[in-house]
Amino acid sequence: MRLDIYRRAENDGKFSYLAVPETRNIPEEATNTDWQVEARAVEVEDDAEHLEDYEINRVSEQIAEKGYAVTSLH
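The structure contained in this document is the topic of the report that follows. (Residues numbered from 1 in each chain as written. Predicted model: local features only at pLDDT ≥ 70, side-chain atom pairs only at ≥ 80, totals over all residues. Heavy atoms only, no water.)

**Focus: the pairing of strand β2 (residues 15-21)**
Remark: a regular strand shows side chains that alternate across the two faces of the sheet.
No. 1: The element β2 is largely enclosed, with a buried count of six among its seven residues.
No. 2: As paired strands, strand β1 (residues 2-9) and β2 are joined by seven bridges and run antiparallel to one another. The partner of Ile 5 across the bridge, within β2, is Ala 19.
No. 3: The hairpin formed by β1 and β2 contains five residues between the paired strands, and Asp 12 there has a positive phi angle of roughly 60°. (Buried < 20%, exposed > 50% of the residue type's maximum accessible area, 1.4 Å probe, protein only. Helix = DSSP H or I, 4+ residues; strand = E, 2+ residues; numbered from the N terminus. Pairing = 2+ DSSP bridges.)

Next comes the structure, spelled out in structure tokens:
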């Protein structure tokens, strides 16, 4: 699958990341925050579990459930 990756600044110079299938827009519940494009059309295995560069876990599971995947906030 191909994903568009967005990021937003958090505390202490860290970032949160949002992965959305390239054919979809940022979900409505996430449009009220300041997401910026990080990468477009990133090729990822359909059953990907982790996007290490973006600290996103359960990628395919989150996309199946919500239509997007997001970095876990600690």
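**Some remarks on the environment of Arg 58**
No. 1: With respect to the element layout, Arg 58 can be found in the loop between β5 (56-57) and α1 (59-66).
No. 2: Note: C-alpha distance between Arg 58 and Val 70 (twelve residues apart in sequence) is 9.2 Å.
No. 3: When near neighbours in sequence (up to four residues on either side) are disregarded, Arg 58 contacts Glu 49 and Glu 65. (Contact = heavy atoms within 4.5 Å.)

**Things to note about the pattern of salt bridges**
Charged atoms that come close allow side chains of opposite charge to pair.
No. 1: Overall, the coordinates contain five salt bridges when judged by the stated rule.
No. 2: Salt-bridge contacts for Glu 22 lead to Arg 2; the nearest nitrogen and oxygen are separated by 3.1 Å. Taken together, the residues span a long stretch of sequence, with Glu 22 in the loop between β2 and β3 (36-43) and Arg 2 in strand β1 at a distance of 20 residues.
No. 3: The class of Glu 22 is partly exposed, set by a relative accessible area of 37%.
No. 4: A salt bridge links Arg 7 to Glu 38; the shortest N-O distance between them is 3.4 Å. On the criterion of sequence distance, the pair formed by Arg 7 in strand β1 and Glu 38 in strand β3 is long-range, its members being 31 residues apart.
No. 5: Here Arg 7 falls in the partly exposed class, since its relative accessible area comes to 25%. (Salt bridge = Lys/Arg side-chain N within 4 Å of Asp/Glu carboxyl O.)

**Digging into the nonpolar core**
No. 1: Leu 3, Ile 5, Ala 19, Leu 51, Tyr 54, Ile 56 and Val 59 are the most contacted members of the largest nonpolar core, which has 13 residues in total.
No. 2: Elements with a contribution of two residues or more to this core: β1, β2 and α1.
No. 3: In this structure, Val 20, Ala 30, Trp 35 and Tyr 68 belong to the second largest nonpolar core, which totals six residues. (Core = buried A, V, L, I, M, F, W, Y, C linked by side-chain atoms within 4.5 Å.)

**Topic: the environment of Thr 33**
No. 1: Turning to its location among the elements, Thr 33 is positioned in the loop between β2 and β3.
No. 2: Sequence separation between Thr 33 and Arg 8 is 25 residues, and the spatial gap between their C-alpha atoms is 7.9 Å.

**A short note on α1**
No. 1: When we look at burial in α1, the residues that qualify are Val 59, Ser 60, Gln 62 and Ile 63. Relative to the axis of α1, the buried residues are bounded by an arc of 165° and lie together on one face. Residues Ala 64 and Glu 65 are exposed on α1 and point more than 90 degrees away from its buried face.
No. 2: In the stretch just after α1, Gly 67 is the one whose phi turns positive, near 90°. (Arc of directions from axis to C-beta.)

By themselves these figures say nothing about function.
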